[in-house]
Amino acid sequence: MRDSNHVTIHNLTKIYKKQNSEVLALNGISLNVSRNEFLCIVGASGCGKSTLLRIIGGLDREYSGTVSIGKTKITGPGLDRGIVFQEHRLLPWLTVWENMEFALQKGSKEEKNKLIIDHLKLVGLERFKNAYPGQLSGGMSQRVAIARALVNRPEILLLDEPFGALDALTRLKLQQEVLDIWEQEKTTMIMVTHDIEEAVYMGDRVIVMSERPGTIKKEFTIDLPRPRNRSDTVFQQIRKEIYQEFRQVEV
Ligand SMILES: Nc1ncnc2c1ncn2[C@@H]1O[C@H](COP(=O)(O)OP(=O)(O)OP(=O)(O)O)[C@@H](O)[C@H]1O
Ligand SMILES: [Mg+2]
């Protein structure tokens, strides 16, 4: 059993204010994520998944309620959290190495070099350190984005549909790679996905959000042994249950 709460969210409400209108994006979300847990979040488009991730990442500070890492309320972005988006967001004018270096916040030259090499190795791309993002495939760019998010050794990795733009085979490969990284680095993972099968394959727990305003509709604990077998009957049964929950949201 996992013990301590790593991320604690209490009664989180987020309203986007525009000139003449307001959008209630999240409504009273309360959620605990344990240390080293792999949490997946699914929900209809526009239900507030990215908003939730951005708030945990400290990129959006205008909300009510509390979001804490350990016992500390978050006040902004921090090295304890890395974030990966659907598109890789690498700087096109910098090489892979330079993109990693740009993200690195502290350490001597030697320490930095070691961190960059270690993390490029982690995603199998040390040979491409001098390539520019434009010379990489979508899967390779996303691997660099994952390495970059991990280079400051965050305790928490936030992933917002990280494989959404990839072809099916690359997607399966990267799912496995992220699981291997999770086991090796012992990070707490919070991943948003549209793909229910991906959520069941990867998550210890899957949260289904309601349509906007986003609330937590239901949660499923996935205690299947790893590595999981996608064609296993129980796996398929859980996938179906989540799909039905999801469909009720969609209609
Ligand atoms: N900067 C913003 N200003 C105003 N409204 C916004 C802003 N960002 C998001 N919203 C609105 O808040 C709601 C939640 O958006 P969010 O991007 O978090 O949804 P999502 O669940 O990530 O959707 P998707 O699955 O399509 O990525 C949407 O209705 C969206 O239009
Ligand atoms: Mg989103």
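Check the entry above for the structure.
Since this is a predicted model, take the numbers as computed values, not measurements.

Cut-offs and rules
- Residues numbered from 1 in each chain as written.
- Chains lettered and ligands numbered in written order.
- Predicted model: local features only at pLDDT ≥ 70, side-chain atom pairs only at ≥ 80, totals over all residues.
- Heavy atoms only, no water.
- Salt bridge = Lys/Arg side-chain N within 4 Å of Asp/Glu carboxyl O.
- Helix = DSSP H or I, 4+ residues; strand = E, 2+ residues; numbered from the N terminus.
- Pairing = 2+ DSSP bridges.
- Axes fitted to C-alpha atoms, helices over the stretch in contact; angles between N-to-C directions.
- Contact = heavy atoms within 4.5 Å.

Participant: Outline the pattern of salt bridges, listing residues and values.
Facilitator: Enumeration according to the criterion identifies 17 salt bridges in this entry. With a closest N to O distance of 3.0 Å, Lys14 and Asp60 form a salt bridge. Taken as a pair, Lys14 in strand β1 (residues 5-17) and Asp60 in the loop between α1 (49-56) and β4 (64-69) lie far apart in primary sequence, 46 residues in all. In the salt-bridge network here, residues are joined through shared partners; they are Glu37, Arg205 and Glu219.

Participant: Any chance you could break down the sheet that holds strand β9 (residues 205-209) for me, citing the residues and the numbers?
Facilitator: Pairing is mixed across the open sheet formed by 6 strands, whose spatial order is β6-β7-β8-β3-β9-β10. If you trace the sheet from one side to the other, it starts and ends with β6 (81-84) and β10 (216-221), each paired once. Neighbouring strand axes in the sheet, compared pairwise and without regard to direction, differ in orientation by 15 degrees on average. The strands touched by α1 are β3 (38-42), β6, β7 (156-160), β8 (188-192) and β9; relative to β7, the strand with the most contacts, the crossing angle is about 155 degrees. Sitting on the sheet, helix α4 (residues 138-150) is in contact with β6 and β7, with an inclination near 165 degrees to β6.

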